Amino acid sequence: MINVSASAPGKVFVAGEYAVLDGAPALCMAVNRRAQVSVTSSTENFHVVAAPGFSKDIGRFKSIADSANEYPLLAAVWTELQIETPDFLNIVLDSSGFVDIEGGKLGIGSSAALTVALTAALIRLAGERQNIRAAALAAHRHLQNGAGSGGDIACSLAGGMIEYRMHDNVSRVAAWPAGLYYGLLWSGVSADTRSQLDKLAHSDAQGTRAELGDAAEALAEVWGCGDAAKIMAALHHYGATLRRFDVDHKLGIFDAGHAALADNAESSGVVYKPCGAGGGDLGIAVSSDESALAAFVNAAQKQNFRRMDLTIDAVGVVVDGNE
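Figured I'd write up the structure that's included with this text. (Residues numbered from 1 in each chain as written. Predicted model: local features only at pLDDT ≥ 70, side-chain atom pairs only at ≥ 80, totals over all residues. Heavy atoms only, no water.)

### Some points on the nonpolar core
Generally speaking, nonpolar side chains in soluble globular proteins are found buried as a group.
Part 1 of the argument: By size, the foremost hydrophobic cluster in this structure holds 98 residues, and its most contacted members are Tyr18, Met29 and Trp176.
Part 2 of the argument: Sorting elements by how many residues they give to this core places helix α2 (residues 110-126) first, with eleven residues.
Part 3 of the argument: With sequence-adjacent residues up to four places away left out, Met29 is seen in contact with Gly10, Lys11, Val12, Val14, Cys155, Gly160, Met161, Trp176, Tyr182, Leu184, Ile284 and Ile312.
Part 4 of the argument: In this structure, Val20, Cys28, Ala154 and Cys155 belong to the second largest nonpolar core, which totals nine residues. (Core = buried A, V, L, I, M, F, W, Y, C linked by side-chain atoms within 4.5 Å. Buried < 20%, exposed > 50% of the residue type's maximum accessible area, 1.4 Å probe, protein only. Helix = DSSP H or I, 4+ residues; strand = E, 2+ residues; numbered from the N terminus. Contact = heavy atoms within 4.5 Å.)

### A word on the environment of Leu21
Part 1 of the argument: Topologically, Leu21 is positioned in the loop between β1 (3-15) and β2 (26-41).
Part 2 of the argument: Given a relative accessible area of 23%, Leu21 falls into the partly exposed group.
Part 3 of the argument: Taking the C-alpha atoms as reference points, Leu21 and Ala234, 213 residues apart in sequence, are found 20 Å from one another.

### Focus: the pattern of salt bridges
Part 1 of the argument: Following the criterion strictly, the structure yields nine salt bridges and no others.
Part 2 of the argument: A salt bridge links Asp309 to Arg33, with the shortest nitrogen-to-oxygen separation between them at 2.9 Å. Taken together, the residues Asp309 in the loop between β11 (306-307) and β12 (318-321) and Arg33 in strand β2 connect sequence positions 276 residues apart.
Part 3 of the argument: Assessed through its relative accessible area of 53%, Asp309 is described here as exposed. (Salt bridge = Lys/Arg side-chain N within 4 Å of Asp/Glu carboxyl O.)

### Focus: the state of the cysteines
Two cysteines joined by a covalent bond between their sulfur atoms form a disulfide.
Part 1 of the argument: Inspection of the entire model under this criterion finds zero disulfides.
Part 2 of the argument: Not engaged in a disulfide, the cysteine Cys155 finds its nearest cysteine sulfur in Cys28; these two sulfurs lie 3.4 Å apart.
Part 3 of the argument: A relative accessible area of 0% places Cys155 in the buried class. (Disulfide = S-S within 2.5 Å.)

### Focus: the side chain of Ser156
Part 1 of the argument: Within the secondary structure layout, Ser156 lies in helix α4 (residues 151-158).
Part 2 of the argument: Among the residues examined, Ser156 registers a relative accessible area of 0% and is labelled buried.
Part 3 of the argument: Setting aside chain neighbours within four positions, we find Ser156 in contact with Ala8, Pro9, Ala112, Ala113, Val116, Gly316 and Val317.

Fair warning: the whole summary comes from geometry, so function is off the table for now.
Below, the structure is given as structure tokens:
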């Protein structure tokens, strides 16, 4: 009897978005919304697939390969792993924790978290010793037509907070600095990372692209220094450089209200920036003054942003069930 389950956390890019594509470090933290996957034996003569958070439909397929149109993530992972099973399966891909109450995607890496959890579950099901990271990264890149850094996959695997470099596909453990406080704010607008990356690929390179990499390097260098003022200054510099990069490359990273919040932060003792691809999704507010952060967040909520109950999830991918 087949009974395997797995889960993996979502992620937030604190800094290093876009710069990571050019080899600079990204600071990424896993958050306490987890993708849940279960794989059990089916009593039907076909595979049954449910994906709460993605679709309200129930898929029924004689072959997982036939699911590519309705469930491309499942098909991408299945194809990468070349899984064979004599049984038909019930597969649940639950990303419902990654959407808001109105169904909008929060932008915290649902596809990466699901890819990691599903890869781990299927490798356990097959009783193989494949590398979860390599297989999940390959499947996710196939799903995204080769776009993306892989930082979201690395973060969902590891949990906690990491510093990630794309060119070496290397991550190392980082930590949230003592003496700093943060709030994650949802813009109410779901962004499309793939379209943002496509825009960047078709834009003319500008000098701020190199400057953004330098700013990401500088932030990573001081992140663990223990000096909150230095970290805030480096994060502010990175956010300001990201804004110039946004203007130069016409990406709209600071759209959906992020620009107004960044302007308000300047006089509030707070640093604010969008997270990830921008143009919606989440932003992060950081301060060494907890009361200043609370006042800023309260003001942001009056501008139709919503503070999310997202905290760092120290636990990466977890898999249970059949050996």
